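If you want the building blocks of each chain, they are given just below.
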Amino acid sequence: MADSARVIVEVAAGLVLGQQEEEFTKRWMISSDDWHALDDAPADQSALLAEVNGRATGYAGLLMLQPDKFNWVRTDWRWV
């Protein structure tokens with residue numbers, strides 16, 4: 001199986017609504033290979049999702065503490 005994306009989590013922020021500042025955008029990916037390697041361990045799949053969510057949420061929280069730089073922060077989950 002090819003190592004394609006299964007889940008992409010993106011945190012973006014900007015000053016002007018809808019204008020994302022790329023230098024502050026971060027993405028985390030769970031590949032199909034990573035996911036299927038844990039097919040026999042659903043609890044580990046949940047833990048993998050929780051880990052990625054924790055990283056994204058933590059980063060979004062850091063951005064939100066900078067209201068002088070950002071008026072908005074967004075976290076998107078994309079299942080592909």
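See the structure shown above.
Since the model is a prediction, treat every value here as computed from it, not as a measurement.

Rules used in this analysis
Counting from 1, residues in each chain are numbered in the order their sequence is written. Owing to the predicted nature of the model, reporting of local features is limited to residues with pLDDT of at least 70; listing and counting of side-chain atom pairs is limited to 80 or more, with chain, interface and lining totals taken over all residues. Computation of side-chain values covers all heavy atoms of the structure but excludes hydrogens and water. Numbering of helices and strands starts at the N terminus; helices are DSSP runs of H or I of at least 4 residues and strands are runs of E of at least 2. Note on exposure labels: buried denotes an accessible area under 20% of the residue type's maximum, exposed denotes more than 50%, and partly exposed covers the range between, all computed with a 1.4 Å probe on protein chains only. Among buried residues, the Ala, Val, Leu, Ile, Met, Phe, Trp, Tyr and Cys ones that are joined through side-chain atoms within 4.5 Å form a nonpolar core. Here, two residues are considered to be in contact whenever any of their heavy atoms come within 4.5 Å of each other. Two aromatic rings from Phe, Tyr or Trp, using only the six-membered ring of Trp, form a pair when their centres are within 6.5 Å; if the ring planes differ by under 30 degrees the pair is stacked, by over 60 it is edge-to-face, and anything between is tilted. Our definition puts a charge over a ring when NZ of Lys or CZ of Arg is within 6 Å of the ring centre and also within 35 degrees of the ring normal. Expected span of a helix: the number of residues minus one, times 1.5 Å.

Mapped onto the fold, Ala 43 is located in helix α2 (residues 42-64). Given the relative accessible area of 59%, Ala 43 is considered exposed. C-alpha separation for the pair Ala 43 and Thr 57, spaced 14 residues apart in sequence, amounts to 20 Å.

The subject of this paragraph is the nonpolar core. Judged by nonpolar contacts, the single largest core of 13 residues is most densely connected at Val 11, Trp 28 and Leu 63. Counting residues per element, the ones that place at least two in this core are β1 (5-14), β2 (26-31) and α2. No other element matches α2, which puts five residues into this core. Excluding residues within four positions of it along the chain, Val 11 makes contact with Phe 24, Thr 25, Lys 26, Trp 28, Ala 56, Tyr 59, Ala 60, Leu 63, Val 73, Arg 74 and Thr 75.

Looking now at the packing of aromatic side chains. Scanning the model with the defined rule gives four aromatic pairs in all. Summarising the aromatic geometry, the rings of Trp 77 and Trp 79 are spaced 6.5 Å apart at their centres and angled 25° between planes, so their arrangement reads as stacked. A relative accessible area of 33% places Trp 77 in the partly exposed class. Within the aromatic cluster, the residues linked to one another by ring pairs are Trp 35, Trp 77 and Trp 79. Over the face of the ring belonging to Tyr 59 we find Lys 26, whose NZ or CZ atom lies 4.6 Å from the ring centre.

Spanning 23 residues, α2 covers 32 Å between terminal C-alpha atoms, matching the ideal 33 Å at 1.5 Å per step. Of the positions making up α2, those classed as buried are Gln 45, Val 52, Ala 56, Tyr 59, Ala 60 and Leu 63. Buried residues along α2 sit against β1, β2, α1 (32-36) and β3 (72-79).

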